[in-house]
Structures are given as C-alpha cells and as structure tokens.
Amino acid sequence: MNKLTRDTPVGTEPVEITLFVNGEERRIAVEPDVTLVDAIRDRLDMLGTKVGCAHGQCGACTVLINGERRYSCITLAVMHDGHHIQTIEGVEDNGQLHPLQQAFIDHDAFQCGFCTPGQIMSGLGLLREGHVQNEDDMREEMSGNLCRCAAYQHITAAIWEVHERQDEPGVRLSEQREELLAAGGRVR
Amino acid sequence: MNPFGYVQAGNDVSALSYKVQQAGSLFLAGGTCIVDLLTQGALRPPFLIDINALPLRAITLQDDNSLIIGALASNSAVAHHPSVLSGYPVLSESILAGASAQIRNAASIGGNLLQKTRCYYYRDPSFACNKRTPGSGCPAITGANRMHAIFGTSEQCIAVHPSDMAVGLSALDAAIHTESSRGKRQIAIDDFFLLPGDTPDRETILEQDELITAVEIPATPFARKSNYLKVRDRSSYAFALVSVAGAVVFEGNSVKEIRLSAGGVAHKPWRLQEAEQTLLGRALEEGVIARAMESAVAGAKTYRQNAVKVDLLKRCVRLMLHRFREMA
C-alpha cells in the first residue's frame with residue numbers, strides 16, 4: 001500500500017498514514033474520506049472518543065491534535081499524517097488519574113458520561129491555552145462542549161478547581177510528558 | 001460521504017496546478033466547514049487539495065503598522081495575537097464571538113472568509129437550493145427564513161454570510177491577497193464578496209484557480225476605538241441574528257471618521273454607509289443617533305420570519321454608538 005507523500009495525489013483507495021496516538025506510533029490505512037474520529041474509533045479500536053452530532057456542534061469527539069483541542073469529527077484522518085493525537089485514553093499517567101479526571105469525580109461532573117471524554121479533553125486544551133482569566137471566560141471557552149444531561153454547573157466547577165490549581169505539580173500535563181508527546185516518544 | 005481523491009500540496013505552485021488539473025476540486029485548509037458539508041452530502045467534490053503544508057501562517061506587523069495575516073493562520077492564533085489585541089480589537093472580538101474554541105483552533109483565516117452559509121436548505125441536499133444546485137429553486141423565500149437576509153437579496157437566494165470575522169474586517173477596510181497562474185492581486189473586502197443576484201452559487205470574485213494567501217489590514221486610526229456587537233439565540237457558539245462591527249475617530253466630541261458594518265443581514269458583510277454619513281462631523285446626541293438608526297435599515301426587505309432583524313439592527317447601531325459616546 002502506498003504511503004501518503006506530499007505532491008503525490010491519491011485516489012479513493014486506502015493510503016497509509018502515521019499517527020502518534022498518545023505517544024505511540026500507529027500506522028493505519030485510511031481512505032481520504034475517513035474522518036479522524038472514525039479512524040480513532042474504527043481503525044484503532046479506541047472507543048473513548050465519542051461521536052455525538054458528527055457535525056462539530058457537540059464537542060463529544062474533542063481530542064488534542066499537536067496539543068490543541070479540536071473536533072475530530074470534522075477533520076479528515078489524512079490531514080493528520082505525522083501529527084500527535086491525544087485522546088482520553090492517554091490522559092491518566094501510570095494508572096494515576098489526571099487531576100482533571102479526579103476533579104470530575106469529586107464534583108460529580110457527569111450524569112450519563114457520554115460527553116465526558118470530550119469535556120475533559122476540551123478542559124485540558126483550555127488549561128494549555130491559558131486564555132482564561134475568570135469563570136465567565138471559562139464558561140465561554142467551554143461552550144463548544146454540550147452536555148445533554150445539563151451537568152454544566154458541576155463540569156465548570158471541576159474545570160475551575162483545576163484551573164485554580166494549575167501551577168501545582170502534575171496538574172497541567174507535565175512538561176516532560178508534553179516533550180515526550182511532541183517527540184513522538186512512548187508515554188505509557 | 002461521497003468518495004474523493006486527495007493530495008497534500010507541497011507548495012503554492014503545485015496547489016494551483018492541481019486546482020487547474022482536477023475539475024471541481026476544492027482547496028482544503030482547516031476543514032471545519034468543508035468536512036461537515038462533505039459528511040452531509042451538500043458538497044460532493046471529486047478531489048481535495050490539502051494546502052496546510054503551505055507557509056501561510058505568519059502574522060506580521062509591517063513597518064507602516066499595517067498587519068498581514070497569512071491565510072492559514074488559525075482563528076485562535078489571530079484573535080490572541082498581541083498585535084491584533086492591541087491594534088485591532090474589533091478583529092479579535094469578532095473572531096472570538098464566532099464558533100467555539102475547538103473550531104477556532106482548526107479554522108483558517110482564508111477559510112473563515114469562504115465559509116458556506118448556514119441556510120438550512122443549502123446544507124440539506126434533500127431540499128432544492130439555487131446556491132447548491134443552480135436553477136433548482138429557493139425554499140427559504142417562503143419557508144423557514146428567520147436567519148435570512150434583509151438586504152441585497154434576489155429572487156434566487158436570501159442566504160446570509162455566516163462569518164463574524166468578515167464583518168470585523170469589513171469595518172477595518174481589509175484587503176484580500178490572492179495568487180493564481182495569472183499572478184497576484186489584492187482585492188478590497190467590499191469587492192471580494194458578491195450578492196446572490198442570478199448566480200448565488202458564485203459567492204466571491206475569486207476565480208476557479210485562485211488561492212487566498214493573506215489578509216491585509218491597513219494601518220488606520222480606527223483600529224483602537226473599535227467594537228463588535230453580536231445578537232444571537234444563545235450567548236455563545238451560535239451564528240449571528242444581527243451583528244455590528246464599528247470603529248470611530250473623534251475630533252473633540254464630534255465624529256471625525258466612522259465605520260459601521262453589519263453581519264447576519266446580507267450575503268456579505270453589509271457596510272452601513274448611509275448611517276456613517278449621517279454621523280460625520282456630529283456629536284453623538286440622541287437625535288443624531290436616531291437618524292443613523294433609520295439610515296441603517298433604509299431599503300431593508302423582510303420575509304415572513306425575519307422582520308425582527310430590522311429592529312435588532314437599529315438597536316445594535318444605537319448600542320454601538322452609545323459605547324462610542326462613552327469613549328469620546
């Protein structure tokens with residue numbers, strides 16, 4: 001099978017791409033019309049990332065791409081050849097929940113739990129971006145993630161708690177882990 | 001999704017040559033609009049040209065204080081850029097008023113300008129739509145049209161342009177830089193977008209094989225006293241019912257120069273030139289503001305569900321001018 005290379009057009013058949021998923025190099029075959037979330041769920045069998053609306057409106061499919069939160073349902077897998085994808089499966093560290101995961105438990109920040117992976121990945125992206133000054137900013141910056149159970153008060157309480165503790169060790173994804181991710185090294 | 005071929009273009013020359021070779025192909029940048037429309041079947045291109053490898057991400061403040069923004073710069077990168085925040089707040093505000101953080105991280109500036117209308121009929125291929133399938137009809141004219149245009153409509157199409165950023169750029173008199181096999185050109189933003197007329201499928205003056213490379217904002221005294229105001233159905237992550245971008249320069253208490261542009265009301269950002277004219281040289285007193293409000297909606301044509309936009313636009317203009325008065 002052909003590997004995707006620049007300036008080499010491909011047809012509608014599968015082409016090989018490489019994704020660094022949670023620090024692990026994964027080669028998969030995808031047709032150009034496969035969305036990133038379908039590649040994650042159906043080709044990599046990683047079911048933590050959810051599909052809610054499939055239109056970029058609900059945020060359930062949020063992952064970090066090269067460290068930035070994005071909707072994986074409205075981007076094509078072929079666009080991310082060589083990119084670093086972080087999913088909910090890569091958030092805990094050696095069996096230890098990330099402080100944001102723990103905060104979701106402590107604040108009872110879910111009911112059905114379907115939107116939770118997207119909420120947590122979006123919250124991690126928000127912490128990395130560093131644009132939030134106050135709780136209003138945080139609510140605005142989380143508006144791309146819907147919760148049909150309307151657990152918003154608890155979700156935002158969990159994220160705000162971690163936002164206020166983000167200079168403590170281990171709250172942001174550690175620099176070491178980020179460096180590993182950026183270098184394509186194995187994190188787990 | 002309809003299957004399609006794909007290439008990652010290595011440079012601008014190859015991107016443009018694929019566009020010529022592959023009939024019906026589209027450039028692909030952030031993909032937030034196109035991929036959504038592909039999954040819905042509203043767009044069915046045979047081939048996509050991914051331009052993300054092109055070196056078009058720089059945001060550069062020029063020596064003359066004009067700002068050049070590469071077409072592939074993300075909406076987030078522009079909205080949070082120090083030169084934009086300090087010199088062109090209306091641009092930052094208008095970008096941050098649109099979409100969600102995830103979309104803004106992915107979406108490019110060039111793609112923001114070219115995003116497709118949110119008209120329900122355009123986006124659902126089970127309906128007729130003159131924009132998607134020329135000659136098939138416009139169900140919005142007699143159908144669900146609360147979100148639709150009140151200015152510049154035609155018998156063929158009453159869709160609105162959905163971008164907030166374009167409204168901000170319109171108030172700043174931005175220019176669009178493009179490149180094609182015929183060379184480079186710069187297009188004033190007001191000339192860039194087309195009204196629907198008889199060809200609603202043609203939304204800009206871009207040629208088939210022409211690529212947006214940058215957006216340029218001229219150095220202007222307007223930059224600092226500027227503001228974006230948006231009315232929508234929920235307070236975040238919703239398209240505008242009506243929005244207004246404004247920028248002003250005062251001389252004493254009088255308006256020396258002013259720009260007002262409205263969003264959510266037309267097929268393009270809608271400059272409120274008559275309202276601007278009524279304000280020049282005058283202090284922002286209530287009587288003057290009332291005249292500007294009436295001028296802003298002169299010529300509006302409403303449909304069954306969107307008459308509310310006339311009132312909303314007047315109130316947005318008044319609120320914008322009240323904000324300006326506090327800055328005087």
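Calculation notes
- Residues numbered from 1 in each chain as written.
- Chains lettered and ligands numbered in written order.
- Predicted model: local features only at pLDDT ≥ 70, side-chain atom pairs only at ≥ 80, totals over all residues.
- Heavy atoms only, no water.
- Helix = DSSP H or I, 4+ residues; strand = E, 2+ residues; numbered from the N terminus.
- Rg over C-alpha atoms; globule rule 2.2 N^0.38 Å.
- Buried < 20%, exposed > 50% of the residue type's maximum accessible area, 1.4 Å probe, protein only.
- Contact = heavy atoms within 4.5 Å.
- Areas by Shrake-Rupley, 256 points an atom, 1.4 Å probe, with all protein chains shown as cover.
- Lys, Arg positive; Asp, Glu negative; His and termini not counted.
- Charge placed at Lys NZ, Arg CZ, Asp CG, Glu CD.
- Domains from an automatic or database assignment.
- Buried area = accessible area lost by both parts, 1.4 Å probe.
- Salt bridge = Lys/Arg side-chain N within 4 Å of Asp/Glu carboxyl O.
- 1 Å grid on protein atoms, 1.4 Å probe; cavity = no way out; pocket = protein on both sides within 12 Å on 5 of 7 lines; lining within 4 Å.
- Points joined across faces, edges and corners; volume = space filled by probe spheres on them.
- Nonpolar A, V, L, I, M, F, W, Y, C, P; charged D, E, K, R; others polar.

1. A few points about the overall build of chain A
And then number 1: Tallying secondary structure elements over chain A gives 6 helices and 5 strands in all.
And then number 2: Sequence-ordered secondary structure for chain A, helices as α and strands as β, is β-β-α-β-β-β-α-α-α-α-α.
And then number 3: Relative to the globule expectation of 16 Å for 188 residues, the C-alpha radius of gyration of chain A, 17 Å, shows essentially globular dimensions.
And then number 4: Projected onto the principal axes, the alpha-carbon positions of chain A cover approximately 50 × 35 × 30 Å.
And then number 5: Relative to its 188 residues, chain A shows a buried fraction of 52%.
And then number 6: The long-range fraction of contacts in chain A, counting pairs at least 24 apart against all pairs at least 6 apart in sequence, stands at 57%.
And then number 7: On chain A, roughly 8500 Å² of surface is accessible, and the fraction owed to carbon and sulfur atoms is 45%.
And then number 8: Here chain A holds 17 positive side-chain charges and 30 negative ones, and the gap between their average locations is 4 Å.

2. Here's the deal with the domain arrangement of chain A
Residue and element names in this part refer to chain A.
And then number 1: Entries for chain A in the domain assignment read domain 1 (15-91 + 176-183) and domain 2 (99-173).
And then number 2: For domain 1 versus domain 2, the distance between C-alpha centres works out to 20 Å.
And then number 3: The interface of domain 1 with domain 2 comprises 20 residues on the first partner and 18 residues on the second.
And then number 4: Taking both partners together, domain 1 and domain 2 bury about 1700 Å²; carbon and sulfur atoms supply 58% of that area.
And then number 5: Linking domain 1 to domain 2 there are 2 salt bridges.
And then number 6: In this structure, glutamate 129 and arginine 69 form a salt bridge, with 2.8 Å as the shortest nitrogen-oxygen distance.

3. Overview of empty space enclosed by the protein
All names here are of chain B.
And then number 1: All told, the structure shown has 4 cavities of 30 Å³ or more when counted by the stated rule.
And then number 2: Considering only enclosed or pocket space, the largest cavity measures out at about 80 Å³ in volume.
And then number 3: Cys119, Cys129, Cys138, Ala140 and Cys157 are the residues nearest the centre of the largest cavity, which is lined by 16 residues in total.
And then number 4: Of the residues contributing to the lining of the largest cavity, the split by class is 10 nonpolar, 5 polar and 1 charged.

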